[in-house]
Each structure stands twice: as C-alpha cells, then as structure tokens.
Amino acid sequence: MTSQTPPRRTLDKRAQALYVRVLLGLLPTLLSVLRHLSPKIRTEIDYLAPGYTFMLSVGGTDLAGTCTRTDGGAFKRVPPDRVARDVEPGSGLASADADAVTVDYVIDFRSLAYAFGCFSGGLTLKDALAQRAFSTRGPNDTGVALTYLFTALLKMFFGWRRAYRRPAAAMP
Amino acid sequence: MKAFEFCCPTKIIAGTHALDKLPGELADRGVAHPLVMTDAGLVKLGVAAKLTDVLDAAGVAYDVFDQVPPDSSMDVVNEVARLYAARGCDGFVAIGGGSVIDTTKGAAASLACEGVDFATLQGSEILHADLPPFIAVPTTAGTGSEVTLVAVVADTKKHAKLSFTSYKLVPHAAILDPALTASLPPKLTATTGMDALTHAVEAYTSIQKNPVSDAFAVKAIELIAANLPVACRDGANVDARASLALGSLMAGAAFSNAMVGIVHALGHSLGGLCHIPHGQAMMMLLPHCVRFNLYHGVHAGLYGELLGHLAPARAAELGPGAMPAERDLAFCDELFAMNEHCHEQYGVPLKLSELGVAHDQLPAVAKQARYDGAALYNEAEVTLDDALEILEATF
C-alpha cells in the first residue's frame, strides 16, 4: 500500500494561485468592458463566432476558467458543471448532452509560475509562446485571434512593465 | 538565457545506398508488414519502385497506398488510417515529399489515438501516445518533414491549410538516399531547395529561436547555398544531392524547434486559397518578406549574421568592417539574385500574377495569413496591411 502526501504550497504559491483564480473569474467581464475601449480587442472578438467558447487552465492545479462569446460580442463565464464532459475540450467534437457547453479552444499553461508570469505582466504572451509555456488545442486560426486578443488586453494593464517595453524577456 | 526546448529524436541514415538499410531498420523496430505511403507521380516515375524493390529483395511483405494528392486532406488521412487497420499493418514507410510524409503523420497520429478523426487533434502538444513505427524517405530536399514535429494538412472544405504540432509526430527514422532525388527536375529542385532555405532563415529569426536551433539553421544555410546551384545544374551530382538533402533535414530540425514566421503564414494561405505549391510560394515570398522586415526595422542585424553562410564571397567582399545594415541589405540582395538566377535558368515564376492568382484574391489571402499559426512566431504582429503590402510586392 502506498500513501501520497499532498504537495505543500508555500504562501507565495498560494497567493499566486489566488491571484490567477481571481483574474480567471474576472476575464469575461474585462473582455466585455474593454472591447468598448480598444478597437484591437473588438476586432479580434469580431473574428470569433457567437457561441465560441474557450478555456484557460493551469497544469498541475485546479485553476481553470471557461468563457463563451455572446451574440452581442460580450463574454460570459461558463460554470464548470456546464462544460461538456463526454468530449475532450478543443477537439471540435459535439457533446451528446444538448445542454452542455462544448469548449472550442483550450490554452493550458504548463505551470502556475508561467500563468502567474503572464497574468501579472512579468512575461508577455509572446515570450510565453517562445518558451513553450503553454499547450493549445483547437482550430489554429481562432487560437491566433485569442492570442492577439489577450496580448492587447494584457498590454493595456501591464504595458508599463519591463517585459512589455523590451523586445524579449526571460522567465522572471 | 531564455528558456527553450529542443528535440530531434529521429535516427538519420544518409548517403549513397542508404535505402538498402531499410529492411534492417524495419526489423529493428519489429515491423513485419509496413504500409508504404507514396503518390501516383512517384509510382509513375519509378521512384517508389526503388524502395519496394528493396523490400521485395529482403522478402518483406507490405501494402501500398499510392493515392496521396499534392495537397493532402483530412479525408485522405482518415482513409489511410482505416486502410492500415484493415490490412493489419504494423508500421509506416513514407516515400515522397511533404504531402506524403505529413499524410502519414496524420494517419499514424490518428491510429495512436485509437482511430480518432485527425481533425480533432489540431493544436500543439496534444498527442501523448507514441506513433506506430514510422520511417520517412524524402524524395525532395525541401520540407524537412522527415524530422519535424509539424504536419500540414489541407481542409478542403475551408480552403485552408491546418497545421498540427507535437513532438510525438516526429518520424522515428529518416533515410536520405541521393538516388531518390537524382531525377528531380531543376525547377522542382530549385523551389523545394528554397523552401528548405526559408525554413532555416525563418527558424533563425523566429521568436522561438534558441542556440541549438540556430546551429542547425546556420549549417543548413551553408549546405543549401553551396549545393543548390550545383544540384540544379547537374542533377546527377551525388555529392550535391546528398548535401542538399542533409541541408533540408537540418533546416527541418531547426524550424521544428523554433517554428517559422510571416513567409510561411503567407505561403500557407496562398496554398490553401490559390493552390500555389508550397516551395514555389516560399521562393517568391522570402526575399520580399526579408526586404519588408528590414524596411520596418525588424530583425535588423540578424539577417546580416547569415550573410557569410549564404554568400561567403559577398561577405568577404564587404569585409569585417561592414556595418550590420550593409550586411542585412547584402543578404536580401543575395536572395533576390538567387531567385533571378532560377528564373532565368529554369523558368521558375517569380510573380503571383504569373501563377494565375487574381489581384482581388489578395485581401482574402492576407486575412488568412494573419490568422495562420505561423504568424504567431513572427517577431512583429502580422497585420492585414503588412501582409497585403508583401503580397502586392510579390504580385
């Protein structure tokens, strides 16, 4: 018989996880509001079809957030229990459950440190891509649109940070 | 140092008579009944027979699928996966260009995931299961697909080229035998060779570049620049063919780990919407994209670093005291000169209008290029205006 000790998280890690969790929760609201301020954000939202649903998750944690685009171009959060469970997110397969929401695209950060780096402006999304900090699943073209969208969003908040003011950044 | 990953697990078997080692490679991997993948053109030219003759002589039983189209599609990928299972095959041997090898990657990936539709595996690093044994035998020196983690397959309904990336897609062995490329006509040798050169140049300037991919890219540029003119002029030159194939492989290993950029984004879009062959598109676009980047201050100094590898004589002429900007421009000039040479000597078209592309198609091509996966790895964001400007210059 084997026993497994749950991983012990430092206070620092727990704070990072809380921060990422809050941002994932705020994401649909931020996108819905900021599309009125940024033509760039609006352009990329327009590229995504109504009903398009994406998920952001963080490997090795329970952190995940799912958002779906409304007909009006806003985003709303999809509660975890409404996400289809019989098909893999991002696979493009239809769920047998008509009430469930299927996820079109998934961005899965490979660790909490990478997710925190991006969400706090210490690492640009481009640098995260360069470092293979996340994996993706779903149609490439909408993944590109999401990347442009999040880059514009993050730059609005963290444009003042060093990572956004220099050509390339290493993981802090 | 910036964090990076590099992986090239393919066993490389190169040189004269390399193909003779195929039965041994299959036996080492426990393959008793491979599915040989190829296309009708290679069957007609007798190139595929060079491989099947080796299998016949060794008494290896095999099945053949020879209907891979120039632009492979999801339907073909799924058809191959079904055939493989129905015939009880236990490994793949792909002999052909990028389309044949990428179709095989797709079918092998589908089989590794218990026969799922390959279309459901779009994205990066999705595959976790190992592919069935897979040996790639390239017949062009261009795509580098024999060592890359990428499979590009057309979505014929959406008129788009879809790319799939995963380290699990890399073939287990690559056989580079110069006898297989000896009969390639100069025009095709030129366009596929320029495709390989584009892989190396874009890998060297991609946001995912790293010290290891740079080393592969630089050596690839040296090999291609030194051997492409010879292989075009004298197709039977075994040394030039072998070196060119190695250059293509090394460029493939470089871009497999560093990815590509705007040239490929535009090329995929031209392939999907206008059916321009990939190598042809790369050849036309590369110098224009380099000039565009330099004009906009992108990759300043970086292109010049490659001048000594692309054109040693020109680099020597400029001397060690040359300004980086001078080297950058000289690099761009050399690319244009290579294209002009191929145009004059072998009749390779250099304009989109010569290939039947209509001017009113350009905006759609530009839009699809902006949202192509390769665009993300470009240093600067690919805007519609940028893409259109380059397409206009190439038109």
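Residues numbered from 1 in each chain as written. Chains lettered and ligands numbered in written order. Predicted model: local features only at pLDDT ≥ 70, side-chain atom pairs only at ≥ 80, totals over all residues.

A.B. asks: Whenever I open this one, the overall build of chain A confuses me. Can you help?
C.D. replies: Tallying secondary structure elements over chain A gives six helices and five strands in all. The order of α-helices and β-strands along chain A, N terminus first, is α-α-β-β-β-β-α-α-β-α-α. Taking 2.2 N^0.38 as the reference for a compact globule, 172 residues should give roughly 16 Å; the C-alpha atoms of chain A span a radius of gyration of 17 Å, in line with that estimate. Oriented by its inertia axes, the alpha-carbon framework of chain A measures out at about 55 × 40 × 25 Å. For chain A, the residues scored as buried account for 42% of the 172 residues in total. The contacts of chain A with a sequence gap of at least 6 include a subset with a gap of at least 24, amounting to 64%. (Helix = DSSP H or I, 4+ residues; strand = E, 2+ residues; numbered from the N terminus. Rg over C-alpha atoms; globule rule 2.2 N^0.38 Å. Buried ≥ 20, exposed ≤ 12 C-beta atoms within 10 Å, placed from the backbone. Contact = placed C-beta atoms within 7 Å.)

A.B. asks: What is the right way to look at the pairing of strand β9 (residues 173-176) of chain B in this model?
C.D. replies: Residues and elements named next belong to chain B. Here β9 shows two buried faces, one formed by Ala173 and Ile175 and the other by Ala174 and Leu176. In the sheet, strand β1 (residues 11-14) pairs with β9 via four bridges, with the strands oriented parallel. Paired with Lys11 across the bridge in β9 is Ala173. Alignment of strand β6 (residues 134-138) against β9, held across two bridges, turns out to be parallel. (Pairing = 2+ DSSP bridges.)

A.B. asks: Please explain the interface of chain A and chain B as it appears in this structure.
C.D. replies: Buried accessible area, meaning the area lost when the parts come together, often serves as the stated size of an interface. Taken together, the 23 residues of chain A in the interface contact 21 residues of chain B. Where the side of chain A that touches chain B is concerned, the elements lending two or more residues are α4 (125-130), β5 (134-137) and α5 (140-158) of chain A. Counting residues per element, the side of chain A that touches chain B draws most heavily on α5(A), at six residues. The residue inventory of the side of chain A that touches chain B, partitioned by class, reads 10 nonpolar, nine polar and four charged. With two bridges joining them, β5(A) and strand β5 (residues 123-124) of chain B adopt antiparallel strand pairing. Looking at the pairing, Arg137(A) lines up with Gly123(B) of β5(B). (Nonpolar A, V, L, I, M, F, W, Y, C, P; charged D, E, K, R; others polar.)

A.B. asks: Would you mind going over the nonpolar core with me for this structure?
C.D. replies: All names here are of chain B. Counting 179 residues, the largest nonpolar core has Ala200, Ala220 and Ala254 as its most contacted members. Looking at which domains feed residues into this core, each of domain 1 (11-180) and domain 2 (186-394) gives three or more. Once residues within four sequence positions are removed from consideration, Ala254 is found in contact with His199, Ala200, Ala203, Ser213, Phe216, Ala217 and Ala220. (Core = buried A, V, L, I, M, F, W, Y, C linked by C-beta atoms within 7 Å. Domains from an automatic or database assignment.)

A.B. asks: Explain the domain arrangement of chain B here, please?
C.D. replies: Residues and elements named next belong to chain B. According to the domain assignment, chain B contains domain 1 (11-180) and domain 2 (186-394). Domain 1 puts 26 residues into the contact, and the matching count from domain 2 is 29 residues. Secondary-structure elements contributing two or more residues to the side of domain 1 that touches domain 2 are β1, β7 (150-155), β8 (160-165) and β9. At three residues, the largest contribution of residues to the side of domain 1 that touches domain 2 is made by β8.

A.B. asks: Please explain the packing of helix α9 (residues 262-274) of chain B against helix α15 (residues 362-370) of chain B as it appears in this structure.
C.D. replies: Two measures define how a pair of helices packs: the angle their axes make with one another and the distance between the axes. Residue and element names in this part refer to chain B. Packing of α9 against α15 leaves a shortest axis separation of 8 Å and a crossing angle of 130 degrees. Considered as vectors, α9 and α15 are oriented oblique to each other. Crossing geometry of α9 relative to α15 is assigned as right-handed. Mapping the contact onto sequence places Ala265, Leu266, Ser269, Leu270, Gly272, Leu273 and Cys274 in α9 and Ala364, Val365, Gln368 and Ala369 in α15. The residue inventory of the contact of α9 with α15, partitioned by class, reads eight nonpolar, three polar and no charged. (Axes fitted to C-alpha atoms, helices over the stretch in contact; angles between N-to-C directions. Parallel < 35°, antiparallel > 145°, perpendicular 65-115°, else oblique. Left-handed = near helix turned anticlockwise from the far one by under 90°.)

A.B. asks: Explain the sheet that holds β1(B) here, please?
C.D. replies: The strands that make up a sheet are held in pairs by hydrogen bonds between backbone atoms, and each pair lies either parallel or antiparallel. Residue and element names in this part refer to chain B. As summarised here, the arrangement of the six strands in space is β1-β9-β6-β4-β2-β3, forming an open sheet in which the pairing is parallel. Each edge of the open sheet is held by one strand with a lone partner, namely β1 and β3 (63-65). Strand-to-strand twist of the sheet, defined as the mean angle between neighbouring strand axes without regard to direction, takes the value 20 degrees. Sheet topology places strand β2 (residues 35-37) next to strand β4 (residues 92-96); three bridges connect them, and they run parallel. Each residue of the ladder has a partner; that of Val36, found in β4, is Val93. Relative to β4, helix α5 (residues 98-112) is tilted by about 160 degrees, and along the sheet it contacts β2, β4 and β6. Together, β1, β6 and β9 form the strand contacts of helix α8 (residues 238-258), whose direction differs from that of β9 by roughly 155 degrees.

A.B. asks: What should I look at first to understand unusual backbone geometry in this one?
C.D. replies: All names here are of chain B. Positioned with a positive phi, His17 is a non-glycine residue whose angle comes to about 65 degrees. Looking at the element boundaries, His17 is found in the loop between β1 and α1 (22-28). Residue His17 is classed as exposed on the basis of its C-beta count, with 10 C-beta atoms lying within 10 Å. Phi at His299 takes a positive value of approximately 65 degrees, unusual for a residue other than glycine. Mapped onto the fold, His299 is located in the loop between α10 (278-295) and α11 (302-305).

A.B. asks: Any chance you could explain the packing of helix α6 (residues 186-205) of chain B against α8(B) here in plain terms?
C.D. replies: All names here are of chain B. At a minimum axis separation of 8 Å, α6 and α8 run at an interaxial angle of 35 degrees. As for the relative orientation of α6 and α8, their crossing is left-handed in sense. On the side of α6, the interface is formed by Gly193, Ala196, His199, Ala200, Glu202 and Ala203, while α8 contributes Leu244, Gly247, Ser248, Ala251, Gly252, Ala254, Phe255 and Ala258. Residue classes in the contact of α6 with α8 are distributed as eight nonpolar, five polar and one charged.

A.B. asks: Would you mind going over the pairing of β5(A) with me for this structure?
C.D. replies: Both faces of the sheet carry side chains from a regular strand, because those side chains alternate between them. Across four bridges, strand β4 (residues 105-109) of chain A lies against β5(A) in antiparallel orientation. Within β5(A), the position partnered with Val106(A) by the bridge is Arg137(A).

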